[in-house]
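Descriptive structure summary
Residue strings, one per chain:
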Amino acid sequence: MTSLSNASSLLETSLVGSKQLIDDQLAQVFFFINYVSLGQAINVFGILSNLLSILVFVKLGFKETSNISLLGLTISDLCSLVTLFLFNLCQTPEFYNLELPFEPYDVAFLTVGWAHVGFARVTCCLTAFIILERCLCVVLPLKVKTILQPRRTALTVIVIFPISYASIFPIYCTASLVYRFSQFRNKTLLVMAYNDLRLEMESVSSVVNNIIPVSSFILIVVCTAITVYQLNKKSKWRALTSNISESRDRKLEKMVVLISAIFIVCYLPCEILFVWMLIDPELRFDGQQSNLFKVCVSILYFAETLNASTNIFVYYSLSSKYQKTVSALLGFRYLK
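Residues numbered from 1 in each chain as written. Predicted model: local features only at pLDDT ≥ 70, side-chain atom pairs only at ≥ 80, totals over all residues. Heavy atoms only, no water.

**Some points on the overall build of the chain**
Our working definition: The way it works is that DSSP assigns letters per residue, a run of H or I at least four long becomes a helix, a run of E at least two long becomes a strand, and they are numbered from the N terminus. Accessible area is worked out with a 1.4 Å probe on protein chains only. A residue is then buried under 20% of its type maximum, exposed over 50%, and partly exposed in between. Contacts are assigned to residue pairs with any non-hydrogen atoms lying within 4.5 Å of each other. In these tables, accessible area is a Shrake-Rupley quantity obtained with a 1.4 Å probe, and a residue counts as shielded only by the protein chains included in the view.
Per the secondary structure count, the chain includes 12 helices and three strands. Within the chain, buried positions represent 51% of all 336 residues. Sequence separation of 24 or more characterises 78% of the internal contacts of the chain that already satisfy a separation of 6 or more. Approximately 16900 Å² of the chain is accessible, and the part contributed by carbon and sulfur atoms is 69%.

**Some words on the side chain of T65**
Residue position: T65 is located in helix α3 (residues 65-90). Under the relative-accessibility criterion, T65 is labelled buried at 13%.

**Looking at the UniProt feature "transmembrane region" (unreviewed entry) in the chain**
For clarity, the threshold we go by: UniProt positions are given in the numbering used here, feature names are shortened, and annotations may be inferred rather than shown by experiment.
The UniProt entry lists residues 32-58, 70-87, 107-132, 153-179, 211-231, 255-279 and 299-318 under the feature "transmembrane region" (unreviewed entry), expressed in the numbering used here. Annotated as 100% helix and 0% strand, the span residues 70-87 places its first and last C-alpha atoms 26 Å apart. A distance of 30 Å separates the end C-alpha atoms of residues 211-231, which is 100% helix and 0% strand.

**Topic: the pattern of salt bridges**
Convention followed: Definition used for salt bridges: Asp or Glu carboxyl oxygen within 4 Å of a side-chain nitrogen of Lys or Arg.
Taken as a whole, this structure holds two salt bridges when the rule is applied. The shortest N-O distance in the salt bridge between E64 and K321 comes to 3.4 Å. You can see E64 sitting in the loop between α2 (38-60) and α3 and its partner K321 sitting in helix α12 (residues 320-330), a full 257 residues away along the chain. Given the relative accessible area of 31%, E64 is considered partly exposed. Note on K321: relative accessible area 42%, which makes it partly exposed. Salt-bridge contacts for E99 lead to K187; the nearest nitrogen and oxygen are separated by 3.5 Å. Placement of the pair is E99 in the loop between α4 (93-96) and α5 (104-139) and K187 in strand β3 (residues 187-195), with a sequence separation of 88 residues.

**Some words on empty space enclosed by the protein**
What counts is decided by this rule: Computed over the protein atoms alone on a 1 Å grid, cavities are sets of points where a 1.4 Å probe fits but cannot get out and pockets are open sets with protein on both sides within 12 Å along at least five of seven lines; a residue lines them when it has an atom within 4 Å of a point. Grid points are joined across faces, edges and corners, and a volume is the space filled by probe spheres set on the points.
If you walk through the whole model with that rule in mind, you get two cavities of 30 Å³ or more. In this structure, the second largest cavity encloses a volume near 30 Å³. Every residue lining the second largest cavity is listed: S49, N50, S53, A308, S309, N311, I312 and Y315. Of all the elements in the fold, those that place two or more residues in the lining of the second largest cavity are α2, α10 (290-309) and α11 (311-318).

**Quick notes on the side chain of T83**
Spelled out, the test is: Polar contacts here mean pairs of N or O atoms no more than 3.5 Å apart (in protein, one a potential hydrogen donor and the other a potential acceptor; neighbouring residues in sequence count only if both atoms are side-chain atoms).
By secondary structure assignment, the location of T83 is in helix α3. A distance of 3.0 Å separates a polar side-chain atom of T83 from the backbone oxygen of S80.

**Examining the confidence of the model for the chain**
Note the threshold: What pLDDT expresses is the predictor's confidence in each residue, scored from 0 to 100.
The predicted model of the chain has a mean per-residue pLDDT of 83, with 85% of residues at 70 or higher. For residues 1-17, every residue scores under 50 in pLDDT, and the model assigns this stretch 60 contacts once sequence neighbours within four places are set aside.

**What about α10?**
Convention followed: The length a helix should cover is 1.5 Å for every residue beyond the first.
With 20 residues, α10 should reach 28 Å at 1.5 Å per residue; the first-to-last C-alpha distance of 28 Å fits that figure. A large share of α10 lies buried, amounting to 18 of its 20 residues.

**Focus: the pairing of β3**
For clarity, the cut-off: Following DSSP output, two strands are said to pair if at least two bridges run between them.
Counting buried positions along β3 gives seven out of nine residues, so the element sits mostly inside the fold. Where strand β2 (residues 175-182) meets β3, eight bridges bridge the pair, whose relative direction is antiparallel. Residue Y179 lies in a different strand from β3, and its bridge partner there is L190. Counted between consecutive antiparallel strands, the loop separating β2 from β3 contains four residues, among which N186 sits at a positive phi close to 60°.

This is the structure in structure tokens:
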């Protein structure tokens, strides 16, 4: 049985008797930048770059555990960007002008929007696993090879996908798509609505849905700090050696630290939004501050787009094997 609480599109959000901190016009500016123009352009680049990275890691093989975990992260980033591309596509003015029998924002938010969130959770866990793996390599260099083996790493990466993605399932116990009459469009449309289980499930779903990014974020920050400290501590000793293997490991550790740093910067808005939602109950999809919530989500999605689209620069700048493989795939001459 569906209750009267109904989600509406960003274009017609105007709650009577409420004072929104962000009006519809300002919300549309954020909406256009983060979804339609700059955000979508970066998204397209990210999809293409992650497809290239998948080919590179497959070409490099899976003897090294780092290639396995980085391949898993790249696949997760690709899925995150594809679902977000579809979500952004539904927010373009041209799509709205098609006069479709549903509200684009509502349908996109509940379908591909939450699918994107699911893959973003996978990215959180895989990034945490990768930095934990590197942290162990730095702290326990003699024991880590017995702990981290290619088969174990592959199994861990595979298991992370369904477990992390399952965090979004509670939302489908509280929300669904129903037909409602829209005064703004003057016709019946398919929109998102919350059912009677919302109050019972929201506290549970909020914790379940956010415990993964929060715990992953904390683990990444801690492991990154430990790794950086240990690298600086051992830098003088490593400077005295000319071991090629040591040099390669050092570059890999720098690569992972940089990936983690980008993740921390890009996912910080997510943690801020989570804390904010706990403090302000009106910061919800259909709350009194719905415009503010949707603007925050657009900023969050844009930051996640940046995180999923920039790793190719890290790989290319710090991995000679990656550079050689990219050059071979694109038919370029590799210049050392």
